Structure formats: C-alpha cells, structure tokens
Amino acid sequence: MRQLFQRNKVIEPKAYKLPVFVKVLDRFQSIFTNNGVNYPELRLIIKTKLLMDTRIDSNRGDGFNNKQKDGRNKYLQSIWLNLFMGLFMTVLLFMPVPAFSRYGLIFLAGFFMLLMSLLQSFSGLLLNPKDREIMGTRGVDDRTLNISRFTYISYYVLLTFFSLLGPAIIASIINDGPLTGLVFLVMALLIGLTTLFMAMLLYLVILKTFSGERLKNMLNSLQIFMVILTVAIFYIPQFMNYDKLDFLPNTFQWFYTFTFPVWFAAPVTLMTFNGATVNLIVLTVLSFVLTWVMFILYRNNSGKFELYLAKLSSNEGSVNKNGWWFKLATKLAAKSPKERTYFKLAWRIMQNEREFKLKTYPMFGMGFLIIAIMVVSSTRSIMESMKISLFSAAGFDFMQDYGIFSFLSFSTIFGAQMIGIMLDQSTQANGFTILNAIPNSDTNLYRRATLKAVIMRFILPISLMSDAVAIFLVKPKYYLMLLAGPALSILLFLCVASIFMRKVPFNELPTPSKGSVNSAKGAIATVLMIWLAMALAAGAYFWVWGASSS
C-alpha cells in the first residue's frame, strides 16, 4: 500500500505490460525530438491509448458488461486471421515467373489490402477531431498531437501489413536467401509508411480546401476515389499484353508511373538478379525518393492537419432534410407507427454517422469497378480467341448479344456486404441503451426496421441506377438478369448481417481491434461472396440465356 502513495513513481497495472512498440520508440527518441516533437508527451499519449485499447468497453449497450478484464489487446489476438490470409499471398512467390513479377504482385496485393484496411478500420482514428479538443487544452502542440496520431495508427497498420506479408517474408528467406528476405522486410516497411503518408496528405488537402457539409461530402468522395484508384492500380498490369506476367521488358513502360507499389519490388529483385538493369536501378531510386518526398511533405504539414481537422467538429453547413425517397421508403417499408420510428432512427444514424459512411460508401464504388473489371477481363479473353477487338463496334455488338452489360446490376454486392459487417457499430453506441429505456421497446422490430432501412437507403437505389444504365445496353431477353442482381445483393446482405450483427444494430463502439478483426473477416467474406456471387450470377445468366434461346 505504501507504494501507491510514493511520489514520482509510476505504477503500471498488473494486467498491463508496457508494449514493446513503446520501448522501440524510446530508442528513436532523438528522431522525434529533432523534428520538433515533445517526445515525453508523445510517449504518454501513445501509451495511454494502447492501455485504453486493452480496457475499452466493447459494448455500451449491454450495461457495460463486456469489459476486457484480462488486460489484453484483442487486436493482437486476431493477427492469426491476417496470417491466414498471408498464406495465400505466399503462393505468388512460387509462381514460374521472373522475380520482379513475383515480388511486384505481392507488393500490389499488399498495398491493396493495406489501403482497404486503412480506409475500413482506421479512417475514424485518422479523422477524429476529439483528440485536439481534449489534449489541446493540456498544452499539447499540434505537431506532437498529429505525429502521436500517426505513430499510434502506424502501430496497428504495420502490424496488419506485416501479418499479411509475414509468411511471404519467411518464404522469401527460404526460397531466395536471408539477404533477400531482409531487403523484402525493409521495403515492406517503407511501402507501409509511404501508404500512410499518402493517405494523410490526401486527407490534408481535402481538409484545407473545404469546410462545413461540403467537407464531409468531399471526404466520402475521396474515400471512394482512393478505393477506385487502388483497385485500378492492382488491375492495370493484368491488362498488359506481356507473356507470363513479365513486368520487366527492356524499356520503361508507361504503367510503371501509376503502379508505384511495383517500384518497391525492384530492390528485392536486385538481390536475386544476376545483373542490374537500368529499369531495376531506376525503380529502386524511385521507391526511395517517393518515401522521402512523402515523409518531408508530411513532416512540414503535420501540425496543420490537426488545425484543419477541427472543421469536422463545426456544425456549419446544410441540414439534412427529408427527401421524397425517404418519405416514399418509409411508407413502403415500415407498416406500424413503432416500426416507422425505428426505421427513421436507423436511417438518421446511417445518414449522420460519419465513420459509418467513411467505411461503407467506398465499397460501393469498389464493387462497381471490380464487377466491371471481372466482366471485361473475362470477356476480352473470349473475344481475343474470336479475333474481335474489345473496343470496336463488333466488340460492343458481341457484349450486347450475350447480355454482358447485365452484370452491372450486381455492383452493389460488395457494398451491401460491408454494411452487413459494419451494422453493429456506431460512435454513439449508447443510443440503443436510451432507446431500450422507452416502454414497450421491441428489439426484433428494431433489427427488422434497420435491415429494411439499409435496403431502401443503399441497395435498392444504387441497383435501380445501375439497371437504368444497363437496360439501354442489353436486349429484352436479358431483362430478368437486371432483377437477379438486386435480389442477390439483398440475399447476401441479410446473410452477412445475420452472422456479424450478433445483438442489435449500432450497439458497439468501433475500436482498432474490432476494426482489424472485421477487416480480416471482411476480406475472407469478400472472397467467399465473390465465388458465391459468381456462381449464382452465372446460374442466373445461363438460365435466362437458355430460357430465351428455347
């Protein structure tokens, strides 16, 4: 008991051990100090946040009964999911293609999954203005606060990245030697930090340029753009006509400029290549230059990030009004007055919950792009065997005759699946506790009304817009396919929601650990949903095609 009252002595809780990450930071204290950071304050902020991650209430709506009493970080207990996914990426190392192609594909896939995780799981932490409101009054300057935010997020982001690439790094050591594996590890660290630098700088530009409601809308648009750009970067090389995915022609190719994750494969390839080529040297230099430029830009603007982030706390801008679709959807979907109340509540939460929109809206853009790429790439291979150009009039007639454009109606599958995963989370997770205090509240009716709100707010409108475009591009015999897409999206959404929404909607606080678990589960669910959707879509297509041909 005496130790509890000793002055100038910090007593760590028995269930909490100082993370190794904080001890590593201590060894690089001079780097932070030389860049104008108050290191003791940064260390205290990071240590406190990591401590909170081990003790945060995982569910505010159940009477605070689900506290993490064991003092363990649940994210660290979920790494095995990322390792499981990393095993599939390891297969790329053993493909019978040049080393640059193998490592280039791994960095492309790693970048794709890292940015998806960053947008889905950590966007709320990146854009949380409350840190400045709390710590700014304690004398913490903006540069220290922002770099502590960056360092805290990088802890989880890099753990996610290295758990994905960990099996591939081990396989690289076994297959290409320890020196190659060490360079692979270093370049993986660099591309992880570069990705985080780029994301924060893009957010900074939006935060500086816009304000009020336009700022929130532009952040959602930026998320969608980043998702589409990431998917495009991943798929660009697959449209190049090189045999065996050989990314190493004799001349510098134009698509190198856009597929910058491939740059980081060049130093690894130098360790396995018998001689250095001009391309490898140029791409190696570009990878280090890109990382250095991103670091300098971030360092010089880190303090401004927190200043502009305060705009998100302001209430200026237009107020959301009840549109005609909201009124129509309420009348069609909600029957009783109580159900209409729950329906409006769920609609408003999804309309005003910034983090919910940041995590779900981009998935609809990604879904549309992935469906388009999958259809175009598969169709192109068939058309090439028939010696028909994809972008010719004959190619358009071919896709119209075989109803290829009808697959646009399946573009909501990915977004609907993400909403099903996210439906139990909210930054105002105690809302249902208040709702439950109302007499005669009905939990099942609340769940049902929320599911209807998702269908009427997201799935049905986007599907109708996709079908409105596709109906002019397909022949009448394929109109049934335009109904199969929305039906399949709704079915898969209900299945995913029944698995991930264990209790009631909007009832759990989003945390890094839960976000990472959901990101890993979401990736696995995405793969399963892709195969299931492809199987069902193909079945519907051949059924419609067979019925129209007979």
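Because the structure is a prediction, the values reported are computed rather than measured.

Turning next to the overall build of the protein. From N to C terminus, the protein includes 21 helices and zero strands. In the protein, which comprises 550 residues, the proportion classed as buried is 52%. For the protein, restricting intrachain contacts to residue pairs at least 6 apart in sequence, the fraction spanning at least 24 positions comes to 80%. For the protein, the accessible surface area stands at approximately 26,200 Å², while carbon and sulfur atoms represent 66% of it.

Quick look at the packing of helix α8 (residues 142-176) against helix α9 (residues 178-209) now. Contact geometry of α8 with α9 gives a least axis separation of 8 Å together with a crossing angle of 150 degrees. Comparing their axes, α9 and α8 come out roughly antiparallel. The two elements α8 and α9 meet at a crossing, and its hand is right-handed. Residue classes in the contact of α8 with α9 are distributed as 19 nonpolar, six polar and two charged.

Below, the discussion takes up the pattern of salt bridges. All told, the structure shown has seven salt bridges when counted by the stated rule. For arginine 132, the salt bridge is made with aspartate 142, and the minimal N-O distance between the two is 3.0 Å. Of this pair, arginine 132 sits in helix α7 (residues 130-135) while aspartate 142 sits in helix α8, and the two are ten residues apart along the sequence. A residue is classified by how much of its surface remains accessible, and arginine 132, at 27% relative accessible area, is partly exposed.

Among the residues of helix α13 (residues 324-333), those classed as buried are Phe326, Ala329, Thr330 and Ala333. Seen from one end, α13 has its buried residues packed into an arc of 100 degrees, which puts them on one side. Turned more than 90 degrees away from the buried face of α13, the exposed residues are Trp324, Lys331 and Leu332. Buried residues in α13 make contact with α14 (337-352) and α19 (443-470).

Before going further, it helps to examine the packing of aromatic side chains. In this structure the tally under the stated criterion is 18 aromatic pairs. For the ring pair phenylalanine 32 and tyrosine 39, a centre distance of 5.8 Å and an interplane angle of 40 degrees mean the geometry is tilted. Here tyrosine 39 falls in the buried class, since its relative accessible area comes to 3%. A centroid spacing of 5.8 Å and a plane angle of 35 degrees characterise the contact between phenylalanine 343 and tryptophan 347, whose relative ring orientation is tilted. Taken together, the positions of phenylalanine 343 and tryptophan 347, both in helix α14 and four residues apart, correspond to about one turn of that helix. Using a relative accessible area of 0% as the deciding quantity, one classes phenylalanine 343 as buried.

Bringing the side chain of glutamate 306 into the picture now. Looking at where glutamate 306 falls in the secondary structure, it is placed in helix α12 (residues 278-309). Among residues more than four places away in sequence, those in contact with glutamate 306 are Arg132, Asp142, Leu145, Asn146 and Arg149.

Another point: the nonpolar core. Residues Phe107, Leu118, Leu127, Phe343 and Phe493 are the most contacted members of the largest nonpolar core, which totals 137 residues. If we ignore the near neighbours within four places in the chain, the residues touching phenylalanine 343 are Ala329, Thr330, Ala333, Ala334, Ala449, Lys452, Ala453 and Met456.

Running from amino to carboxyl end, α13 crosses α14 at an angle of 140 degrees, the nearest separation of the two axes being 10 Å. Taken together, the axis directions place α13 and α14 in an arrangement best described as oblique. Once α13 is placed against α14, the crossing between them reads as right-handed. Touching Trp325, Phe326, Ala329, Thr330 and Ala333 of α13 are Glu339, Arg340, Phe343, Lys344, Trp347 and Arg348, all from α14. For the contact of α13 with α14, a count of residues per class yields six nonpolar, one polar and four charged.

A few words on the confidence of the model for the protein. Looking at the protein as a whole, the pLDDT averages 75, with 73% of positions reaching at least 70. Counting contacts from residues 57-70, a segment whose pLDDT is below 50, to residues more than four positions away or on other chains yields 31 contacts.

The topology assignment puts proline 267 in helix α11 (residues 265-272). Look at proline 267 and you get buried, because its relative accessible area is 6%. A C-alpha to C-alpha distance of 8.9 Å links proline 267 and valine 285, two positions 18 residues apart in sequence. Once you skip the residues sitting within four places of it in the chain, proline 267 turns out to touch Val183, Met187, Thr284, Ser287 and Phe288.

Reading the values: rules and limits
- Residues numbered from 1 in each chain as written.
- Predicted model: local features only at pLDDT ≥ 70, side-chain atom pairs only at ≥ 80, totals over all residues.
- Heavy atoms only, no water.
- Helix = DSSP H or I, 4+ residues; strand = E, 2+ residues; numbered from the N terminus.
- Buried < 20%, exposed > 50% of the residue type's maximum accessible area, 1.4 Å probe, protein only.
- Contact = heavy atoms within 4.5 Å.
- Areas by Shrake-Rupley, 256 points an atom, 1.4 Å probe, with all protein chains shown as cover.
- Axes fitted to C-alpha atoms, helices over the stretch in contact; angles between N-to-C directions.
- Parallel < 35°, antiparallel > 145°, perpendicular 65-115°, else oblique.
- Left-handed = near helix turned anticlockwise from the far one by under 90°.
- Nonpolar A, V, L, I, M, F, W, Y, C, P; charged D, E, K, R; others polar.
- Salt bridge = Lys/Arg side-chain N within 4 Å of Asp/Glu carboxyl O.
- Arc of directions from axis to C-beta.
- Phe/Tyr/Trp six-rings, centres within 6.5 Å; stacked < 30°, edge-to-face > 60°.
- Core = buried A, V, L, I, M, F, W, Y, C linked by side-chain atoms within 4.5 Å.
- pLDDT = per-residue confidence, 0-100.

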